[in-house]
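Secondary and tertiary structure notes
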Amino acid sequence: MENVKTWAYRMFHGPAFGKRFAVMMTGIFMMGFNLSFLIDCGLGYDPYSFMMLQISAQTGLLFGTCELIGNACLFVLCIFFSPDLIGPGTFANMILVGYISDFFRWLWARTIPAAVFTVYPARALVFALTLFFFIIGCAFYMNASMGLAPYDSIPFIINRPIRKVPFPVIRIGYDFFAILIGVLLGGHPTIGNFLVAVFLGPVIGIIGRLLSKKLGISNK
């Protein structure tokens, strides 16, 4: 396990730091921004948000607050099992994604007609476009080598002792488990939840290879 000095250098002064930071922050913003549309469309979003929205509905807490608390709980596990995956991206995701989504949902409620999110074909178009860019945003942030949110670190922790199992397979199973928890909390999953669970893992790998080739960025 790397020491603190080596970790700090890799995270803050390593190769292509400026590029990696820009890619990470772009991904974080894309996630929160597009998630606001996905939630208002009601056709599905990522499994973690699905799970946290059920907790938000039951507790009355802001969605962003629930995401922060949930990741904070998992953060304890990361300290012990994956400290090398902790970095600026860890805290940016924990703090920003949910609250960015909350802010834009507040803004959309005051500026965009409700029919955009409820009437077809506009609803389907908004869903398809924002789901695509949400998944791209996730892949950007995860491949920037700036640290991962605790929720996203767990599949990597699981994958390390069982390298023969492809990461996408582990990620898909992990996300389906989060969907199951959301269902047990009273949620009703839709096609979007399953699309993210199925495609997120493979897209992370594809985007990672593109970033490594074009920008010299790698999450290895």
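Our structure's up above, just so we're on the same page.
Once a new chain begins, its residue numbering starts again from 1 and follows that chain's sequence as written. The model is predicted, so local features are restricted to residues of pLDDT at least 70 and side-chain atom pairs to those at 80 or more, both for listing and for counting; the totals for chains, interfaces and linings are taken over all residues. The basis for every side-chain value is the complete set of heavy atoms in the structure, and neither hydrogens nor water enter the calculation.

1. So, the overall build of the chain
The line we're drawing: Put simply, DSSP marks the helices as runs of H or I at least four residues long and the strands as runs of E at least two long, and each gets a number from the N terminus on. Think of it in three bands: residues with accessible area under 20% of the maximum for their type are buried, residues over 50% are exposed, and the middle band is partly exposed, with areas taken using a 1.4 Å probe on protein chains only. Calculation of accessible area relied on Shrake-Rupley with a 1.4 Å probe; when residues are assessed, cover is drawn exclusively from the protein chains displayed.
From N to C terminus, the chain includes 10 helices and 0 strands. Each helix (α) and strand (β) of the chain, taken in turn from the N terminus, gives the series α-α-α-α-α-α-α-α-α-α. Split into buried and exposed, the 220 residues of the chain put 48% on the buried side. Only carbon and sulfur atoms are counted for the fraction: they give 76% of the accessible area of the chain, which is about 10,700 Å².

2. Details of empty space enclosed by the protein
For the record, the criterion: Definitions used for this entry: grid spacing 1 Å over protein atoms alone; cavity, a set of points where a 1.4 Å probe fits but cannot get out; pocket, an open set with protein on both sides within 12 Å along at least 5 of 7 lines; lining residue, one with an atom within 4 Å of a point. Grid points are joined across faces, edges and corners, and a volume is the space filled by probe spheres set on the points.
Here the structure, examined in full by the defined rule, presents 1 cavity of 30 Å³ or more. For the largest cavity, the calculated volume is near 170 Å³. What lines the largest cavity is a set of 19 residues, among which Met31, Asp46, Tyr48, Asn93 and Asp152 lie closest to the centre. Elements supplying a minimum of two residues to the lining of the largest cavity: helix H3 (47-59), helix H4 (63-81), helix H5 (88-111), helix H7 (122-143), helix H8 (150-159) and helix H9 (167-184). No other element matches H7, which puts 4 residues into the lining of the largest cavity.

3. Comments concerning the pattern of salt bridges
Our working definition: The term salt bridge refers to a side-chain nitrogen of Lys or Arg lying within 4 Å of a carboxyl oxygen of Asp or Glu.
Inspection of the entire model under this criterion finds 4 salt bridges. With its nearest N and O atoms 2.9 Å apart, the salt bridge here joins arginine 105 to aspartate 40. Taken together, the residues arginine 105 in helix H5 and aspartate 40 in helix H2 (residues 17-41) connect sequence positions 65 residues apart. A salt bridge links aspartate 84 to arginine 160, with the shortest nitrogen-to-oxygen separation between them at 2.4 Å. With aspartate 84 in the loop between H4 and H5 and arginine 160 in the loop between H8 and H9, this pair connects stretches of sequence that are 76 residues apart. Bridged by salt links that share partners, the residues Asp152, Arg171 and Asp175 form one connected network.

4. Digging into H7
Keep this limit in mind: Multiply 1.5 Å by the residue count of a helix minus one, and that product is the helix's expected span.
With 22 residues, H7 ought to run about 32 Å at 1.5 Å a step, and its terminal C-alpha atoms sit 32 Å apart, in line with that. Two residues or fewer after H7 comes serine 145, characterised by a positive phi angle close to 55°.

5. Points about the packing of aromatic side chains
Pairs of aromatic rings are described using the distance from one ring centre to the other and the angle between the two planes. For clarity, the threshold we go by: Between 30 and 60 degrees the pair is tilted, below 30 it is stacked and above 60 it is edge-to-face, where a pair is any two Phe, Tyr or Trp rings, Trp via its six-membered ring, whose centres lie within 6.5 Å.
Summed over the entire model, instances satisfying the criterion amount to 14 aromatic pairs. Ring centres of phenylalanine 33 and tryptophan 108 lie 5.8 Å apart, and the angle between their planes is 80°; on these two criteria the pair is classed as edge-to-face. One end of the pair, phenylalanine 33, is in helix H2; the other, tryptophan 108, is in helix H5, and 75 residues separate them in sequence. Judged by its relative accessible area of 25%, phenylalanine 33 falls in the partly exposed class. Among the residues examined, tryptophan 108 registers a relative accessible area of 10% and is labelled buried. With 5.1 Å between their ring centres and 80° between their planes, phenylalanine 132 and phenylalanine 133 make a pair best called edge-to-face. Overall, the relative accessible area of 39% leaves phenylalanine 133 in the partly exposed class. Among the aromatic residues, those joined into a ring-pair cluster are Phe29, Phe33, Phe37, Phe103, Phe104, Trp106, Trp108 and Phe117.

6. Brief notes about the nonpolar core
Taken as a class, soluble globular proteins show a tendency for nonpolar side chains to be buried jointly. For clarity, the threshold we go by: Put simply, buried Ala, Val, Leu, Ile, Met, Phe, Trp, Tyr and Cys residues joined by side-chain atoms within 4.5 Å make one nonpolar core. Throughout, a contact is declared for two residues whenever any of their heavy atoms are within 4.5 Å.
Ranked by size, the top nonpolar core spans 51 residues in total, and within it Ile28, Leu35, Tyr45, Phe134 and Tyr141 carry the most contacts. Looking at this core, the elements that each hand over two or more residues are H2, H3, H4, H5, H7, H8, H9 and helix H10 (191-215). Here isoleucine 28 is in contact with Ala92, Asn93, Leu96, Val97, Ile100 and Tyr141, once residues within four sequence places are set aside.

7. With respect to a nonpolar patch on the surface
Stated formally: Only residues whose relative accessible area exceeds 30% and that take part in no salt bridge are eligible for patches, with like-charged residues grouped when within 9 Å of each other and nonpolar side chains (Val, Leu, Ile, Met, Phe, Trp, Tyr) grouped when within 5 Å.
A cluster of nonpolar residues, Leu62, Phe91, Ile95, Leu96 and Tyr99, forms a patch on the protein surface that exposes about 420 Å² of accessible area. As for its position among the elements, leucine 96 is in helix H5.

8. Quick word on the packing of H4 against H8
In plain terms, the rule: Only the stretch in contact is used when fitting a helix axis, every axis being a line fitted to C-alpha atoms; angles between N-to-C directions are given from 0 to 180 degrees. For classification purposes, angles smaller than 35 degrees are called roughly parallel, those larger than 145 roughly antiparallel, those between 65 and 115 roughly perpendicular, and all remaining angles oblique. Left-handed describes a crossing in which the near helix is turned anticlockwise from the far one by less than a right angle; the clockwise case is right-handed. Gly falls in the polar group here, along with every residue not listed as nonpolar (Ala, Val, Leu, Ile, Met, Phe, Trp, Tyr, Cys, Pro) or charged (Asp, Glu, Lys, Arg).
Closest axis-to-axis distance for the H4/H8 pair is 8 Å, and the angle between their directions is 40°. Considered as vectors, H4 and H8 are oriented oblique to each other. H8 is crossed by H4, and the crossing has left-handed handedness. Facing Asn71, Leu74, Phe75, Leu77, Cys78 and Phe81 of H4, the residues of H8 in contact are Pro150, Tyr151, Ser153, Ile154 and Ile157. Along the lines of polarity and charge, the residues of the contact of H4 with H8 split into 9 nonpolar, 2 polar and no charged.

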